[in-house]
There are 2 protein chains.
Amino acid sequence: MLCSIFSFAQESIIGFSKESAEKQIELESKFEAKLKTTNLDEWMQKLAARPHWVGTEFGKENVDWIANKFKSWGYKTKIKEYQILFPYPKVRLLEMTAPEVYKAKLEAKAVEGDPYTSQADELLPSYNAFSTDGDVEAELVFVNYGVPKDYEELEKLGIDVKGKIVIAKYYGSWRGIKPKLAAEKGAIGCIIYSDPKDDGYYRGDVYPKGAFKNKTGVQRGSVMDMPTYPGDVLTPGYAATKNAERLDRSEAKTITKIPVLPISYEDAQPLLEALEGKNAPESWRGALPITYKIGPGPAKVHLKLDFDWKLVPTYNVIATLKGDEFPDEWVLRGNHHDAWVHGANDPISGLVALMEEARAVGELAKNGNKPKRSIVYCAWDAEEPGLIGSTEWVEDHIKELQEKAVIYINTDGNGRGFLNVGGSHSLEGMVAQVAKVVEDPQTKVSVSERSLARKVLNGGENSFELYALGSGSDYTPFIQHAGIPSLNLGFGGENAGGEYHTIYDTYPHYKRFKDPKFEYGAALANTAGRITLRFANAEVLPMKFQPWFKTIKDYVQEIHTNLDEMRKETKQHNHLVENNIYDLTADPTKEIIIPKKKEMVPFVDFSALQNALTNLEATIDEFSTIKLEDLNDNKKEELNAILQKTEQQFITEEGLPRRPWFKHQLYAPGFYTGYGVKTLPGIREALEQRNWEEAEQQMTILAKTLNDFNEYLQNAISKIES
Amino acid sequence: MLCSIFSFAQESIIGFSKESAEKQIELESKFEAKLKTTNLDEWMQKLAARPHWVGTEFGKENVDWIANKFKSWGYKTKIKEYQILFPYPKVRLLEMTAPEVYKAKLEAKAVEGDPYTSQADELLPSYNAFSTDGDVEAELVFVNYGVPKDYEELEKLGIDVKGKIVIAKYYGSWRGIKPKLAAEKGAIGCIIYSDPKDDGYYRGDVYPKGAFKNKTGVQRGSVMDMPTYPGDVLTPGYAATKNAERLDRSEAKTITKIPVLPISYEDAQPLLEALEGKNAPESWRGALPITYKIGPGPAKVHLKLDFDWKLVPTYNVIATLKGDEFPDEWVLRGNHHDAWVHGANDPISGLVALMEEARAVGELAKNGNKPKRSIVYCAWDAEEPGLIGSTEWVEDHIKELQEKAVIYINTDGNGRGFLNVGGSHSLEGMVAQVAKVVEDPQTKVSVSERSLARKVLNGGENSFELYALGSGSDYTPFIQHAGIPSLNLGFGGENAGGEYHTIYDTYPHYKRFKDPKFEYGAALANTAGRITLRFANAEVLPMKFQPWFKTIKDYVQEIHTNLDEMRKETKQHNHLVENNIYDLTADPTKEIIIPKKKEMVPFVDFSALQNALTNLEATIDEFSTIKLEDLNDNKKEELNAILQKTEQQFITEEGLPRRPWFKHQLYAPGFYTGYGVKTLPGIREALEQRNWEEAEQQMTILAKTLNDFNEYLQNAISKIES
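Counting restarts for each chain: residues are numbered from 1 in the order of the written sequence. Each chain takes a letter, starting from A, and each ligand takes a number, starting from 1, following the order in which they are written. This being a predicted model, a pLDDT of at least 70 is required before a residue's local features are given, and a value of 80 or more before pairs of side-chain atoms are given or counted; all residues contribute to the totals for chains, interfaces and linings. Hydrogens and water molecules were not included; the side-chain quantities draw on all heavy atoms of the structure.

- In the nomenclature of an unreviewed UniProt entry, chain A corresponds to Glutamate carboxypeptidase II from the organism Zunongwangia atlantica 22II14-10F7.

This is the structure we're talking about:
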């Protein structure tokens with residue numbers, strides 16, 4: 001019988017025996033006591049003093065400074081360089097040529113009280129990185145957020161974007177989806193603007209009076225097709241080392257097909273105001289004082305973009321504190337350092353928390369508290385243009401990482417509010433325990449209690465849960481490409497603003513609106529640091545598969561329910577079509593395309609998946625009875641080796657349909673959402689696209705993945721039992 | 001056994017035997033053939049040529065012209081005069097005195113292409129009738145729509161309007177609720193403005209380019225406390241005849257307690273922009289290009305209003321076509337003639353349909369098709385300031401009406417779209433039959449089919465239903481005060497605009513945006529005319545109590561469900577309070593008042609009501625088996641006499657709590673909604689106010705009303721059976 005001899009389900013801290021847990025708690029208290037908010041404040045002033053996007057001189061200065069800091073704290077520190085393709089805008093022209101002439105200003109204004117916004121010579125012009133070059137002129141069409149359901153609406157309204165230039169609002173999806181879809185629909189250019197409803201005066205006072213976007217602010221950002229593959233566009237799947245074989249730029253699939261430019265709402269208003277045609281549906285309308293219409297035309301615009309495409313160096317700082325007992329087991333902890341402009345919030349607020357955490361961990365080590373496993377702090381370059389620094393590094397070291405990495409813990413911008421954690425669901429229990437011992441700076445309850453209060457207020461259950469990871473920061477190559485268990489942590493919810501990727505994401509803005517006392521920066525260091533230390537010192541890696549199982553089972557149930565819902569809706573839709581309900585209710589004076597009947601939603605065979613789940617549940621229950629106290633050191637090592645590779649069981653060599661770089665079968669960024677996660681992506685996206693055949697194929701693949709994992713765990717049990 | 005001998009449930013037309021039904025259908029076809037859209041067009045040009053509010057010269061010209069038309073069509077026509085109090089604005093001053101000075105313009109601009117808007121000398125200044133005089137200066141507070149839940153929100157935010165002047169948006173309730181509630185909360189003045197989100201550029205192009213409100217447009221309207229009593233403020237419950245005893249103005253309960261003024265969004269913007277304090281909740285924000293804040297202050301405003309309060313004559317035109325068989329049974333059909341300005345849509349579009357209907361009915365009579373019952377066409381004056389013309393007339397003739405009126409059929413403004421009918425639910429079956437034989441001008445299906453298609457599209461059932469009557473037009477004194485079965489009819493849904501009660505409600509606006517070919521005007525005449533003729537000629541009055549019963553039972557069920565819901569919400573709320581969820585989730589940097597626990601919602605005894613319903617259902621089933629074919633003329637007369645008084649069984653002498661003028665126990669305008677109906681108002685409003693004791697009292701009263709009605713029907717059955 002296993003149940004009497006194995007069980008690591010009941011320790012006071014997951015992964016530790018009673019005695020070692022006490023020591024660990026003591027260590028974490030010491031760690032917490034070392035954290036100083038003043039360091040965060042000082043370092044942000046240094047690192048966000050000037051613009052520092054990839055390839056800039058000031059960026060390199062930051063890299064050296066960061067590396068020196070790590071060195072001074074006792075870390076073995078390397079600067080790892082890759083050569084990546086990065087476009088710098090040479091020509092940015094947007095003008096309306098009819099019915100009136102308007103030339104877009106394309107320049108955000110410096111504001112009083114924020115000297116950083118006056119560094120005119122150094123500010124990166126506003127643009128979307130990895131837009132293709134182009135020179136197009138055409139009628140304009142307003143497409144709301146430019147996401148799939150907006151094009152469905154346009155179809156109903158009988159409006160085609162073929163040969164047109166579209167103008168889409170920011171938000172509603174990751175920005176790269178907008179030009180991707182527009183190009184698929186035949187548009188020849190794409191403008192993206194920030195509507196004041198989403199992050200301007202509609203939300204609150206604008207900068208410098210308040211935190212939100214003033215009329216001149218422009219959000220920069222990458223439009224690289226990251227849901228296909230992130231990282232250097234010329235070296236898909238392998239590292240962009242100096243002498244790597246590179247695609248020709250024309251072969252790079254992840255550069256947009258059409259030119260794209262982001263603009264302010266000051267520049268967007270004349271264009272939108274000049275549109276005629278049908279009124280935009282109510283949910284499309286923003287907060288500009290105009291009647292939102294769709295066009296096409298009579299507004300006609302000319303968009304000309306020309307980029308300097310060149311290889312630039314990226315510098316990742318990799319700082320290692322060697323483990324005392326298991327130096328070849330790595331706890332990875334990262335945050336990017338590059339910014340679009342000053343990036344006080346994004347990413348410096350997260351980076352300084354990481355650094356303060358590293359300083360404290362280094363000090364502990366110097367005072368005799370060396371970690372058992374190696375801790376590797378990573379400051380990534382070129383995250384903004386496409387997770388490039390981290391992706392190239394993962395691609396460069398994938399074999400070693402898959403052998404050695406036990407976890408990757410990511411942070412990025414941070415602010416006042418509530419703890420949000422996403423990640424591999426085997427880590428849920430461990431994170432929940434940590435969140436219970438970190439104090440919320442404002443309310444003095446634990447950060448867990450405060451987060452749960454919000455969840456309960458919104459009608460959720462009173463249990464700590466991780467959200468599933470999509471994309472949007474450097475965890476993507478770790479979890480979705482390499483199968484390393486990953487987390488993404490941050491505080492927020494009381495730090496709203498419109499500064500994201502603009503010249504207004506500066507130290508003064510951060511101090512006034514984000515985390516004035518850097519208390520939440522310290523709370524982040526405290527939370528991430530404790531997780532880092534737990535993983536570094538655990539006797540058995542703190543992973544739990546019962547919560548993981550529950551989550552995956554819920555996803556399957558959700559897909560099942562969605563399919564039933566889709567079937568019901570299709571039936572209802574067809575009923576309305578058959579009974580002429582759409583015809584009879586349409587206003588005959590408005591040309592509306594009366595919808596056609598849709599193909600019925602078939603019943604899909606879930607049995608293989610359900611059987612796999614049933615078997616897996618029993619095995620996981622058995623596996624969960626393994627008791628740490630009953631394992632000798634050898635067995636613990638064996639168990640750890642097993643646990644270290646569990647997440648890799650969820651990746652497949654073939655990856656997802658049409659995007660083999662994404663190998664994880666449980667979590668992926670949506671092909672048509674960008675950052676937004678799709679869980680069980682193979683099946684879910686096939687069903688959403690009404691591709692029943694592919695859904696059944698993906699069902700088989702996922703069932704196999706789960707059956708293989710079942711076998712993996714069965715073997716593990718036998719091994720540990722033996 | 002009754003069931004074998006009585007049943008008027010199966011005729012082809014309700015209220016008619018098979019033979020008489022055929023004749024009636026033929027008659028209605030003749031009637032329909034006579035309707036001419038050109039008359040509607042011509043008459044609108046005449047009646048909406050100049051402004052014609054109550055007391056104006058042009059209004060009197062219209063009255064004489066209308067009366068002469070009726071006379072020419074063979075109606076015995078009288079002009080019935082009352083003397084009512086009507087305030088004309090002498091002083092209208094609104095200025096912001098801090099932090100900057102702004103003087104409100106208070107004047108809508110004439111527009112090109114609409115000469116009516118240039119009749120500057122004749123346009124009624126924009127104001128709210130029955131605002132009290134006043135001269136106040138105070139800090140401003142933005143209160144959203146100024147309805148009860150907005151004040152709940154203000155309380156949570158810790159904002160008090162005591163001693164302040166509030167600014168509220170139009171819509172969200174009938175306008176009179178806004179100053180009423182503001183005064184109850186201690187405000188000393190009230191400004192109402194039209195936000196562009198509700199009927200300005202957010203909705204569509206503004207006048208003259210499109211139908212919506214331009215920045216200078218102002219909605220006029222009464223703020224008399226009509227939910228307490230409508231009609232002349234000095235003669236509550238009795239007619240405002242020349243020598244009637246009148247209250248002193250200071251005693252009139254329905255004049256507002258604080259001064260109120262409506263303004264345009266051009267005038268509102270500087271005031272709202274000058275507010276500071278907390279951001280308005282998202283659902284409060286309109287479409288002005290500002291950050292909506294609540295205040296109070298620093299904006300300070302000075303509001304001065306002075307009215308010329310004088311008695312003016314109102315003229316109702318009452319045109320009677322005497323019935324051939326039952327001259328003392330009256331079918332009443334009405335629409336008002338007074339407007340705030342030109343009133344092309346409100347009310348002339350409805351009035352010209354009524355007149356064309358009357359012309360056709362008169363012609364039929366001349367050609368030998370005299371109605372059995374008398375038909376009385378009414379063109380009411382002074383509807384706009386507070387349903388005054390109709391209310392005084394009903395109060396003047398209440399006894400006679402209760403003896404003779406078999407139905408009151410109301411119309412008002414009309415436009416392109418879908419048929420909407422509200423009214424006494426005993427009339428539902430008859431209206432459904434009529435709606436099936438009137439053709440929709442655009443789709444050529446029946447107006448019933450088109451209306452039902454919209455209902456089905458919105459997820460409703462495929463069955464024709466009447467909505468319950470609240471208030472907002474001249475049916476109110478008939479149904480809610482006198483207990484006359486009533487209907488309110490109109491087409492709409494494809495006629496949106498922002499012209500309501502502004503200088504832009506003109507003939508050119510109507511022709512472009514409302515019903516360009518007057519087809520829906522003709523459809524209204526056709527629908528209302530057929531109903532009129534059915535009631536005029538029916539052998540047995542076409543009323544059905546099984547659908548009525550279902551509706552009332554549903555209302556009881558709804559109240560029960562609402563109470564359960566309220567109990568659940570209260571429990572959940574108290575749970576959140578007890579667990580500090582509100583404290584923990586509140587942003588500590590924003591002063592939020594943490595909610596307190598609420599008194600638990602008790603279980604209320606519905607048994608008396610349920611027992612009454614059970615008995616009534618059986619009786620109604622029995623009553624419904626009465627078969628028209630089996631009744632001789634005497635019995636038919638007896639049955640008609642019984643049916644004529646059924647609606648009066650639902651009114652009580654005492655009326656509703658705190659507003660005895662409103663006597664109907666099933667339908668009333670909401671005390672805090674104004675136009676919006678409250679069904680089973682005694683119980684429903686008591687529960688909504690959490691007044692459990694009053695709810696139980698009202699439960700007893702309603703049970704008694706239903707039991708009395710049961711007895712009434714039982715007696716009727718015995719009488720008919722005998």
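1. What to know about the packing of aromatic side chains
Geometry of an aromatic ring pair is reported as the spacing of the ring centres plus the angle between the planes.
Step number 1: Pairs were defined over the aromatic rings of Phe, Tyr and Trp, the Trp ring being its six-membered one, requiring ring centres within 6.5 Å. Orientation was assigned from the angle between planes: stacked under 30 degrees, edge-to-face over 60, tilted for the rest. Scanning the model with the defined rule gives 64 aromatic pairs over all chains in all.
Step number 2: Ring plane angle 80° and centroid distance 6.1 Å describe the contact between Y127 of chain B and W340 of chain B, whose orientation is recorded as edge-to-face. Taken together, the residues span a long stretch of sequence, with Y127 of chain B in the loop between strand 2 (102-103) and strand 3 (128-129) and W340 of chain B in the loop between strand 10 (326-336) and helix 8 (344-366) at a distance of 213 residues. Here the two residues Y127 of chain B and W340 of chain B agree in accessibility, since each one is buried.
Step number 3: Aromatic pair W548 of chain B and F709 of chain B: ring centres 5.3 Å apart, planes at 65°, arrangement edge-to-face. With W548 of chain B in helix 16 (residues 545-578) and F709 of chain B in helix 21 (residues 692-721), this pair connects stretches of sequence that are 161 residues apart.
Step number 4: The criterion for a charge sitting over a ring is simple: Lys NZ or Arg CZ within 6 Å of the ring centre, and within 35 degrees of the ring normal. Across from the ring centre of F418 of chain A, 4.3 Å away, lies the NZ or CZ of R450 of chain A, which sits over that ring. Each helix corresponds to a stretch of at least 4 residues labelled H or I by DSSP, and each strand to a stretch of at least 2 residues labelled E; elements are numbered beginning at the N terminus. For the exposure calls, accessible area comes from a 1.4 Å probe over protein chains only, and a residue counts as buried if that area is under 20% of its type's maximum, exposed if over 50%, partly exposed in between.

2. Here we look at helix 2 (residues 37-47) of chain A
Step number 1: Along helix 2 of chain A, the positions that sit buried rather than exposed are N39, L40, D41, W43, M44 and L47 of chain A.
Step number 2: Contacts between residues were defined by any pair of non-hydrogen atoms, one from each residue, lying within 4.5 Å. If you follow the buried residues of helix 2 of chain A, they end up packed against helix 3 (57-72), helix 8 (344-366), helix 14 (507-513) and helix 15 (519-537) of chain A.

3. Re the domain arrangement of chain A
Residue and element names in this part refer to chain A.
Step number 1: Splitting chain A by domain gives domain 1 (2-85 + 311-537), domain 2 (94-310) and domain 3 (546-721).
Step number 2: Source of the domain bounds: an automatic or database domain assignment. The centre of domain 2, based on its C-alpha atoms, is set 33 Å off from the matching centre of domain 3.
Step number 3: Taken together, the contact pairs 19 residues of domain 2 with 12 residues of domain 3.
Step number 4: Here's the idea: put two parts together, see how much 1.4 Å probe accessible area each one loses, and the total over both is what we call buried area. Three residues stand out in domain 2 for area buried against domain 3, namely K156, W174 and P227, and they jointly supply 32% of the buried area on that side.
Step number 5: Throughout this description, the term salt bridge denotes a Lys or Arg side-chain nitrogen within 4 Å of a carboxyl oxygen of Asp or Glu. At the surface where domain 2 touches domain 3, the tally comes to zero salt bridges.
Step number 6: N or O atoms within 3.5 Å of each other form a polar contact, as long as, within protein, one can give a hydrogen and the other can take it, and as long as residues adjacent in sequence are counted only when both atoms are side-chain atoms. Where domain 2 meets domain 3, there are five residue pairs in polar contact (both at pLDDT 80 or more).
Step number 7: Contributing elements (two or more residues each) for the side of domain 2 that touches domain 3: helix 4 (148-156) and helix 5 (177-184).
Step number 8: Broken down by class, the residue content of the side of domain 2 that touches domain 3 amounts to nine nonpolar, four polar and six charged. When residues are grouped by polarity, Ala, Val, Leu, Ile, Met, Phe, Trp, Tyr, Cys and Pro land in nonpolar, Asp, Glu, Lys and Arg in charged, and all others, Gly among them, in polar.

4. A look at the UniProt feature "domain: PA" (unreviewed entry) in chain A
Step number 1: Listed under "domain: PA" (unreviewed entry) in the UniProt record, and renumbered for this structure, are residues 136-204 of chain A.
Step number 2: Helix makes up 30% of residues 136-204 of chain A and strand makes up 25%, while its end C-alpha atoms are separated by 36 Å. UniProt positions are given in the numbering used here, feature names are shortened, and annotations may be inferred rather than shown by experiment.

5. Remarks on a negative patch on the surface
Residue and element names in this part refer to chain A.
Step number 1: Together, E19, E22, E26, E629 and D630 line one region of the surface with negative charge.
Step number 2: Residue placement: E19 occurs in helix 1 (residues 18-34).
Step number 3: For E19, a relative accessible area of 62% puts it in the exposed group. Here the term patch refers to residues with relative accessible area over 30% and no salt bridge, with like charges joined within 9 Å and nonpolar side chains (Val, Leu, Ile, Met, Phe, Trp, Tyr) within 5 Å. What sets the accessible areas is the Shrake-Rupley method with a 1.4 Å probe; for residues, cover comes only from the shown protein chains. Counting rule for charge: Lys and Arg are taken as positive, Asp and Glu as negative, and neither His nor the chain ends is counted. Charged side chains are reduced to one point each, which is NZ for Lys, CZ for Arg, CG for Asp and CD for Glu.

6. Looking at unusual backbone geometry
Step number 1: Residue P296 of chain A follows G295 of chain A across a cis peptide bond; omega there is 0°.
Step number 2: Relative to the assigned elements, P296 of chain A resides in the loop between helix 7 (265-273) and strand 9 (300-321).
Step number 3: For the peptide bond that leads from G297 of chain A to P298 of chain A, omega is -5°, which places it in the cis range.
Step number 4: One non-glycine residue with positive phi stands out, namely N580 of chain A, at about 60°.
Step number 5: Position of N580 of chain A among the secondary structure elements: in the loop between helix 16 (545-578) and helix 17 (581-585).
Step number 6: On the basis of relative accessibility, which here comes to 40%, the residue N580 of chain A falls in the partly exposed class.
Step number 7: The backbone of R690 of chain B shows a phi angle near 60°, a positive value even though the residue is not glycine.
Step number 8: In this structure, R690 of chain B sits in the loop between helix 20 (681-688) and helix 21.

7. Side note on the packing of helix 18 (residues 607-623) of chain A against helix 21 (residues 692-721) of chain A
Residue and element names in this part refer to chain A.
Step number 1: Closest axis-to-axis distance for the helix 18/helix 21 pair is 9 Å, and the angle between their directions is 20°. Here helix 18 is positioned roughly parallel relative to helix 21, judged by the angle of their axes. Crossing geometry of helix 18 relative to helix 21 is assigned as left-handed. The segment helix 18 lies against helix 21, with A608, L609, A612, L613, N615, L616, T619, I620, E622 and F623 engaging M699, L702, A703, L706, N707, F709, N710, L713, Q714, A716 and I717. Orientation is described by lines fitted to C-alpha atoms, with helices fitted over the stretch in contact, and by angles between N-to-C directions that extend from 0 to 180 degrees. Here is the rule for angles: anything less than 35 degrees is roughly parallel, anything more than 145 is roughly antiparallel, 65 through 115 is roughly perpendicular, and the remaining ranges are oblique. For any pair of crossing helices, the crossing counts as left-handed if the nearer helix is rotated counterclockwise from the farther one by less than a right angle, and right-handed if it is rotated clockwise.

8. So, the interface of chain B and chain A
Step number 1: Listed by partner, the interface residues are 40 residues for chain B and 40 residues for chain A.
Step number 2: When chain B packs against chain A, the two sides together hide about 3300 Å² of surface, and 55% of this comes from carbon and sulfur.
Step number 3: Between R416 of chain A and D587 of chain B there is a salt bridge; the shortest N-O distance is 2.9 Å.
Step number 4: The greatest single-element share of the side of chain B that touches chain A, amounting to six residues, is contributed by helix 12 (residues 447-457) of chain B.
Step number 5: For the side of chain B that touches chain A, a count of residues per class yields 17 nonpolar, nine polar and 14 charged.

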